[in-house]
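Notes for the structure review
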Amino acid sequence: MQRVPLLIAALVATLLGGALAWGTVRQEREFQRLLVQGDRARAGDELTTAIEMFSGALALRPDSVLGRLKRGDAYRLRGEAEAALRDLEQAARLDPSSPRPRELRGDVLLAAGQPPAARAEYTRAIELDDRVPRLHYKLALAAFRDDRPQDTLEVLDRPVLSQSAAAEVHYLRALALQAVGAPARAVEALRPALMADPGFVAAYELLAALQLARGRLADAVVPLRQLTGLEPSSAERYVALSAVLVRMGQREPARVALEEAVVRSPEDRRVVVALSRLLLDGGTPAEFTRAEALLAPLAASPAAPSDVLTQYGRALLARGDLARAVAVLARGTATWPADLDAYRYRAQAE
């Protein structure tokens, strides 16, 4: 008779154990489901939903490092630095051997404009694993944003980065070299950056600026032409290229570049003004007529800016229409901000 209660107790224990095990399995499945849903929401830039999913997962497993990392990163993307740092610090405490929480904390702090604190986090991450080039690059970037270009160069010269082929590494080195007053070395640093990434717009911009600062106009033309090819719809690129060509005395190539820009952006004031100014500076009667035709539609607007009115007044002066030139130039001097040349040409017309 004593065997019956024992059997019943064993059966109850088995059932309870099975129920607990099944509950644990269900909880784990729900935890994983919430993480997956959160990842999908994050990938779709639905950050509020992602945070809700990750929060649900953490309600099931508060000690999940992965959950803390994911929610912290979602907070980072949503611009909530305090919440992100809180989650990431908790992740770092739960797994003090992992560099990832420290790295993400550095990312949050750098985005929040706190490069010294970001440097500290990246340094701690590197102490945990110094084999990851990405961590050293981020440390160098934080040093540069902390206005410490020499420290930036020292980090970039570490073996883990010194032989890197990444365009961003060479670009950052060029920026730091420019900051320490070594423009020639900065130019050399940009060459491998552009070999690694021929479409690196910021690198071409820096190369052009460096060459212009060195007075090497012909060398600046090369990256400026590359920029017009990379961004053919950008009027600003053509205006910058033509300005350097004019300084070099290459008026015709400058005109050709601006004519191409006008075809692409016929209503862009910057291109129209730049081309008209070029045509009016020592041009022919046909070029004066061309400049007037370009400017007339823009000048007809009551909201026409002063530089448009100034060049249109010049075109009218070149054609001998003094009365209209005076009226247009008077508008030019009365429009804020006024083009200083408007006063000079108005005085000539009157």
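This structure is a prediction, so every number in the text was calculated from the model and none was measured.

Let us now look at the nonpolar core. By size, the foremost hydrophobic cluster in this structure holds 56 residues, and its most contacted members are Tyr171, Leu190 and Leu206. Considering every element that reaches this core, the biggest residue donor is helix H16 (residues 269-280), with 8 residues. Not counting residues within four places of it along the chain, the set of residues in contact with leucine 206 comprises Tyr171, Ala174, Leu175, Gln178 and Leu190. Listed in part, the 34 residues of the second largest apolar core include Tyr75, Leu104, Val108 and Leu172.

Counting across every chain of the model gives 38 salt bridges. Here glutamate 89 ties to arginine 105 by a salt bridge, and the two come within 3.4 Å at their closest N and O atoms. Of the two residues, glutamate 89 sits in helix H4 (residues 81-94) while arginine 105 sits in helix H5 (residues 100-111), which places them 16 residues apart along the sequence. In terms of burial, glutamate 89 and arginine 105 fall into one category: buried. A salt bridge links arginine 119 to aspartate 146, with the shortest nitrogen-to-oxygen separation between them at 3.2 Å. Of the two residues, arginine 119 is situated in helix H6 (residues 115-128) and aspartate 146 in the loop between helix H7 (133-145) and helix H8 (149-156); the sequence distance between them amounts to 27 residues.

A few words now on the side chain of glutamate 287. Mapped onto the elements, glutamate 287 comes out in helix H17 (residues 285-299). On the accessibility criterion, glutamate 287 (15% relative accessible area) is buried.

The omega torsion of the bond from tryptophan 336 to proline 337 falls at -5 degrees, within 30 degrees of zero and hence cis. Among the secondary structure elements, proline 337 is positioned in the loop between helix H19 (322-334) and helix H20 (340-349). Here aspartate 45, not a glycine, exhibits a phi torsion of approximately 65 degrees, which is positive. Along the chain, aspartate 45 turns up in the loop between helix H1 (3-43) and helix H2 (47-60). Judged by its relative accessible area of 61%, aspartate 45 falls in the exposed class. Despite not being glycine, aspartate 147 shows a phi value in the positive range, around 60 degrees.

It is worth spelling out the packing of aromatic side chains at this point. Overall, the coordinates contain 1 aromatic pair when judged by the stated rule. Taken together, a centroid distance of 5.0 Å and an interplanar angle of 45 degrees make the contact between tyrosine 171 and phenylalanine 200 tilted. On the criterion of sequence distance, the pair formed by tyrosine 171 in helix H10 (residues 167-179) and phenylalanine 200 in the loop between helix H11 (183-196) and helix H12 (201-213) is long-range, its members being 29 residues apart. Each of the two residues, tyrosine 171 as well as phenylalanine 200, counts as buried. One cation-aromatic arrangement involves arginine 61 over phenylalanine 31; the distance from NZ or CZ to the ring centre is 4.3 Å. Over the ring of tyrosine 345 we find arginine 344, and its NZ or CZ is 4.5 Å from the ring centre.

In this structure, the largest pocket occupies an estimated 150 Å³ of space. Forming the boundary of the largest pocket are Val239, Ser242, Ala243, Val246, Ala254, Leu258, Ala274, Arg277, Leu278 and Asp281. Counting residues per element, the ones that place at least two in the lining of the largest pocket are helix H14 (235-247), helix H15 (251-264) and H16. The leading source of residues in the lining of the largest pocket is H14, at 4 residues. Taken together, the residues of the lining of the largest pocket break down into 7 nonpolar, 1 polar and 2 charged.

Once that is clear, we can look at H16. An ideal rise of 1.5 Å per residue puts 16 Å on 12 residues; H16 measures up with 16 Å between its terminal C-alpha atoms. Most of H16 sits out of view: 9 of its 12 residues are buried. Those residues of H16 that fall on the buried side of the exposure criterion are Val271, Val272, Val273, Ala274, Leu275, Ser276, Leu278, Leu279 and Leu280. Where H16 is buried, its residues contact H14, H15, H17 and helix H18 (306-319). Capping the start of H16, aspartate 268 holds a side-chain oxygen 3.0 Å from the backbone nitrogen of arginine 270, two or three residues further along. One or two positions beyond H16, positive phi appears at glycine 282, with a value near 70 degrees.

Definitions and cut-offs
Residues numbered from 1 in each chain as written. Predicted model: local features only at pLDDT ≥ 70, side-chain atom pairs only at ≥ 80, totals over all residues. Heavy atoms only, no water. Core = buried A, V, L, I, M, F, W, Y, C linked by side-chain atoms within 4.5 Å. Buried < 20%, exposed > 50% of the residue type's maximum accessible area, 1.4 Å probe, protein only. Helix = DSSP H or I, 4+ residues; strand = E, 2+ residues; numbered from the N terminus. Contact = heavy atoms within 4.5 Å. Salt bridge = Lys/Arg side-chain N within 4 Å of Asp/Glu carboxyl O. Phe/Tyr/Trp six-rings, centres within 6.5 Å; stacked < 30°, edge-to-face > 60°. Lys NZ or Arg CZ within 6 Å of the ring centre and 35° of its normal. 1 Å grid on protein atoms, 1.4 Å probe; cavity = no way out; pocket = protein on both sides within 12 Å on 5 of 7 lines; lining within 4 Å. Points joined across faces, edges and corners; volume = space filled by probe spheres on them. Nonpolar A, V, L, I, M, F, W, Y, C, P; charged D, E, K, R; others polar. Expected span 1.5 Å × (residues − 1). Polar contact = N/O pair within 3.5 Å; in protein donor to acceptor, adjacent residues only side chain to side chain.

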